[in-house]
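# An overview of the molecular structure
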Amino acid sequence: MDSRTKGKTVMEVGGDGVAVITLINPPVNSLSFDVLYNLKSNYEEALSRNDVKAIVITGAKGKFSGGFDISGFGEIQKGTRKEPKVGYISIDIITDLLEAARKPSVAAIDGLALGGGLELSMACHARISTPGAQLGLPELQLGVIPGFGGTQRLPRLVGLTKALEMILTSKPVRAEEGHSLGLIDAVVPSAELLTTARRWALDIVERRKPWISSLLKTDKLPPLGEAREILKFARGQTRKQAPNMKHPLMCLDALETGIVSGPRVGLEKEAEVGSQVISLDTTKGLIHVFFSQRGTVKVPGVTDRGLMPRKIKKVAIIGGGLMGSGIATALILSSYPVILKEVNEKFLEAGIGRVKANLQSRVRKGSMSKEKFEKTMSLLKGSLDYESFRDVDMVIEAVIENISLKQQIFADLEKYCPQHCILASNTSTIDLNKIGERTKSQDRIVGAHFFSPAHVMPLLEIVRTNHTSAQVIVDLLDVGKKIKKTPVVVGNCTGFAVNRMFFPYTQAAMFLVERGADPYLIDSAVSKFGMPMGPFRLCDLVGFGVAIATATQFIENFPERTYKSMIIPLMQEDKRAGEATRKGFYLYDDKRKAKPDPELKKYIEKARSISGGNVDPKLVKLSEKEIIEMTFFPVVNEACRVFAEGIAVKAADLDIAAIMGMGFPPYRGGIMFWADSIGSKYIYSRLDEWSKTYGDFFKPCAFLAERGSKGAPLSAPVEQARSRL
Ligand SMILES: CCCCCCCCC[C@H](O)CC(=O)SCCNC(=O)CCNC(=O)[C@H](O)C(C)(C)COP(=O)(O)OP(=O)(O)OC[C@H]1O[C@@H](n2cnc3c(N)ncnc32)[C@H](O)[C@@H]1OP(=O)(O)O
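The present account deals with the structure reproduced in this document. (Residues numbered from 1 in each chain as written. Predicted model: local features only at pLDDT ≥ 70, side-chain atom pairs only at ≥ 80, totals over all residues. Heavy atoms only, no water.)

Residues in a regular strand point their side chains to alternate faces of the sheet. Here strand β11 (residues 338-341) shows two buried faces, one formed by Val338 and Leu340 and the other by Ile339 and Lys341. Crossover handedness for the path strand β10 (residues 315-318) to helix α13 (residues 322-333) to β11: right-handed. Across four bridges, β11 lies against strand β12 (residues 380-383) in parallel orientation. In the strand pairing of β12, Val338 is matched with Leu380. (Buried < 20%, exposed > 50% of the residue type's maximum accessible area, 1.4 Å probe, protein only. Helix = DSSP H or I, 4+ residues; strand = E, 2+ residues; numbered from the N terminus. Right-handed = clockwise from strand over helix to strand, strands pointing away. Pairing = 2+ DSSP bridges.)

One open sheet accounts for three strands, arranged β5-β7-β8; its pairing is mixed. Lying at the two open borders of the sheet, with one neighbouring strand each, are β5 (112-114) and β8 (173-174). Here two bridges tie strand β7 (residues 134-136) to β8, and the two strands are oriented antiparallel to one another. From the neighbouring strand, Gln134 faces β8, where its bridge partner is Arg174.

In the contact formed by helix α3 (residues 88-99) and helix α11 (residues 263-277), the axes pass within 10 Å of each other and the chain directions differ by 145°. Residue-level inspection shows Ser90, Ile91, Thr95 and Asp96 of α3 in contact with α11, the latter providing Arg264, Leu267, Glu268, Glu270 and Ala271. A class-by-class count of the residues in the contact of α3 with α11 yields three nonpolar, two polar and four charged. (Axes fitted to C-alpha atoms, helices over the stretch in contact; angles between N-to-C directions. Contact = heavy atoms within 4.5 Å. Nonpolar A, V, L, I, M, F, W, Y, C, P; charged D, E, K, R; others polar.)

Right, let's talk about the pattern of salt bridges for a bit. Taken as a whole and judged by the stated rule, the model has 42 salt bridges. Arg537 is the salt-bridge partner of Glu579, the closest N and O atoms lying 3.0 Å from each other. Residue Glu579 is located in the loop between α23 (567-573) and β18 (586-588), and its partner Arg537 is located in helix α21 (residues 535-542); the two are separated by 42 residues in the primary sequence. Arg537 matches Glu579 in its accessibility class, with the two residues each being buried. Within the structure, one salt-bridge network assembled from shared partners comprises Arg500, Glu560, Arg561, Glu638, Arg641 and Glu645. (Salt bridge = Lys/Arg side-chain N within 4 Å of Asp/Glu carboxyl O.)

Time to look at empty space enclosed by the protein. Within the structure shown, the criterion is met by two cavities of 30 Å³ or more. Taken as a whole, the largest cavity spans an internal volume of roughly 100 Å³. Surrounding the largest cavity, Arg500, Phe503, Pro504, Phe554, Phe558, Arg561, Thr562, Pro634, Asn637, Glu638, Arg641 and Phe697 form its lining. Put simply, the parts of the chain that give the lining of the largest cavity at least two residues each are α19 (498-514) and α26 (624-644). Looking at the lining of the largest cavity, the element that brings in the most residues is α26, giving four residues. Of the voids in this model, the second largest cavity is the one considered here, and its volume is about 40 Å³. As for the second largest cavity, its lining consists of Ala517, Asp518, Leu521, Ile522, Leu619, Val620, Leu622 and Ile627. Looking at the lining of the second largest cavity, the elements with two or more residues in it are α20 (519-529) and α25 (617-620). (1 Å grid on protein atoms, 1.4 Å probe; cavity = no way out; pocket = protein on both sides within 12 Å on 5 of 7 lines; lining within 4 Å. Points joined across faces, edges and corners; volume = space filled by probe spheres on them.)

Turning next to the site of the ligand. As a structural note, the neighbourhood of the ligand is formed by 29 residues, with Gly116, Glu119, Glu139, Arg294 and Lys298 the closest of them. Gly66 has a polar backbone atom sitting 2.9 Å from a nitrogen atom of the ligand. Gly116 places a main-chain nitrogen or oxygen 2.7 Å from an oxygen atom of the ligand. Of all the secondary-structure elements, those providing two or more residues to the shell around the ligand are α2 (71-78), β5, α4 (116-123) and α12 (281-295). Per-element tally for the shell around the ligand: the top contributor is α12, with three residues. Counted by class, the shell around the ligand contains 17 nonpolar, six polar and six charged residues. (Near = heavy atom within 4 Å. Polar contact = N/O pair within 3.5 Å; in protein donor to acceptor, adjacent residues only side chain to side chain.)

The two faces of strand β6 (residues 126-129) match: Ala126 and Ile128 on one face and Arg127 and Ser129 on the other face are all buried. Pairing geometry for strand β4 (residues 105-109) and β6, over four bridges, is parallel. Among the inter-strand pairings, Val106 is bridged to a residue of β6, identified as Ala126. Bridge analysis of β6 against strand β9 (residues 186-187) gives two bridges, and the strand direction is parallel. Among the inter-strand pairings, Ile128 is bridged to a residue of β9, identified as Ala186.

This brings us to the sheet that holds strand β3 (residues 54-59). Taking strand neighbours across the sheet as the criterion, the six strands line up as β1-β2-β3-β4-β6-β9 in an open arrangement whose pairing is mixed. Taken across any chain shown, the strands that pair with only one partner, and hence form the sheet edges, are β1 (8-13) and β9. Relative to β3, strand β2 (residues 18-24) runs parallel, the two being bridged by six bridges. Within the sheet, the bridge partner assigned to Leu23 lies in β3 and is Gly59.

Dropping the structure here:
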């Protein structure tokens, strides 16, 4: 393969008269422009050759195709590649050359057929797959739409309702379901895939099997009136679930056009809309997130050293509280044998009970069988001492945030665990060097910071000190992958990356309400921005105990930029501690529904009188845009510090940390990507102005000041930064 080209296709013509065209573009045989243009020439050749009666399209190495090469969108967005004529691939190549050909084609699908991959197969006249095949149109989660005819062919093959479900949820179906839906014509073992597909293609030639053009099928489509109703409902749901995104509605436009005006007009609409969505900001954000998420496992100086992960056969967890039990659940779900240690029988029983409850909820929802439940629970053993730690490969400490307790635990671990054992802490804020102070095992001490609930939340913050060995990081990255988490490797400091970015967000919100802003308007503006909930609702959810413990760490470590609000401590004095006590910033009913509390005013006023601040008329009347700026620009400021200090190696890692750890909306691309979309100059000028009026909490850091003064992107690599990694 030419080093400048990205992938290719090869064609082999057999003695049976079948031309087999294989898509080759590792690792997932994505459809790059090179692959697509090669496919076109192979196809043209096959159609012109007298010795070819039929065509089979397949993918190399057990994968049909992971879809259009996503980096191609980036090239078009950046202007480094000229966009082909609208509809050139979907209409000229896939429809008019392939589907309308006078020789039949069959897709032989092993492994993946996603996005453009599935769309290409749907233009073939039959599809044969292996049992493990995954078939889906996940384009919407990338901010694009199925653009190779998927909006037209899928409803015609599986019906409108199922097509909408597959497209709107981006979830793939397995081969058997695909077969029962009519998407797949036959499911056969891998070893028989190609021979069956060849025979099927020849059977079509001989008219022993039907020659079906998906685009022309109508039997699965509902009557027009019904279709309009279904689409109207889908639009309503989409508006509710994705209010800040245009592309899902644009995708529905293409679907509807095809149903109302016919598939050809539908294809044209799809091509037009498909081209428009590429330049949407939300699409740029989502594509950035796709690559950034995969980039977190590439850690310079660690994953480029040829180290292989060691096998972790057994893990011990200390502490069976909410975090410890969640971590244990995540591990046993991925088949790791786990020992859960507690200080007494009562706590141990409660910890094991929590794990059981986590799994039982899956059984109730039907996602886990009773047998699987029993088998998974059998991997968990309880313990009250360290004797059973003698053969563990990794320990994760998950006790309360108390430095001396953690120090004692790590000193004990050093005595009982084998020399190679990884000693991890799930601390969310405490400096790991302090935790390991009483040991000589600095090279195997690492942070494994999970987010609550640990068996559900996707992020794993892997924290390393200056002493943590590269091998330990490689091992933990591998565990993270096996338990299906997205790991982000960060340096050691108070709060690491996620909590350091999180803290200014709640602090800014406290500051604003003390100066007169309405907390419920802040929550509403932040939710509209795309966060799962506003800062006050969040404080209620995590509980004031945790909020105060975290704040204490920040006040101690970053006093110059911590806003000391008394609102939460004052409420706690009155036994209001958030949702758990049914009273916090909101009042909660039996169904945990939150409603504003008029009494909140009294705590805000008292806190204001303690801090000595005044109501600021400007802050009373903030617009939603101003609320977002005043709550999130301090987050950007802290993210800049984290980046400049080398706590994160890449700005993209902070984007993923913010999305998966804070709930920052993915379609905004993450905190640094979003900041760059606004511009460093503007952010700097706003923070600078606020810091002059309201104090150092808003003061831009040196990194932001430097980049802001030049208008330079904040996510550009930090040169000569003193990396802590
Ligand atoms: C306007 C004119 C432009 C032309 C018209 C365009 C019309 C577009 C038509 C089409 O409808 C659009 C699409 O097809 S969009 C793509 C749809 N496909 C997907 O969304 C699938 C994305 N990939 C995945 O979900 C997963 O990668 C996977 C395929 C399920 C595999 O998962 P696994 O965990 O095994 O591996 P990963 O670590 O995720 O990926 C491995 C490496 O492969 C890279 N990669 C995966 N998919 C693609 C892809 N479609 N394009 C480019 N690269 C891909 C991924 O980045 C990883 O790379 P590394 O370098 O990190 O190893």
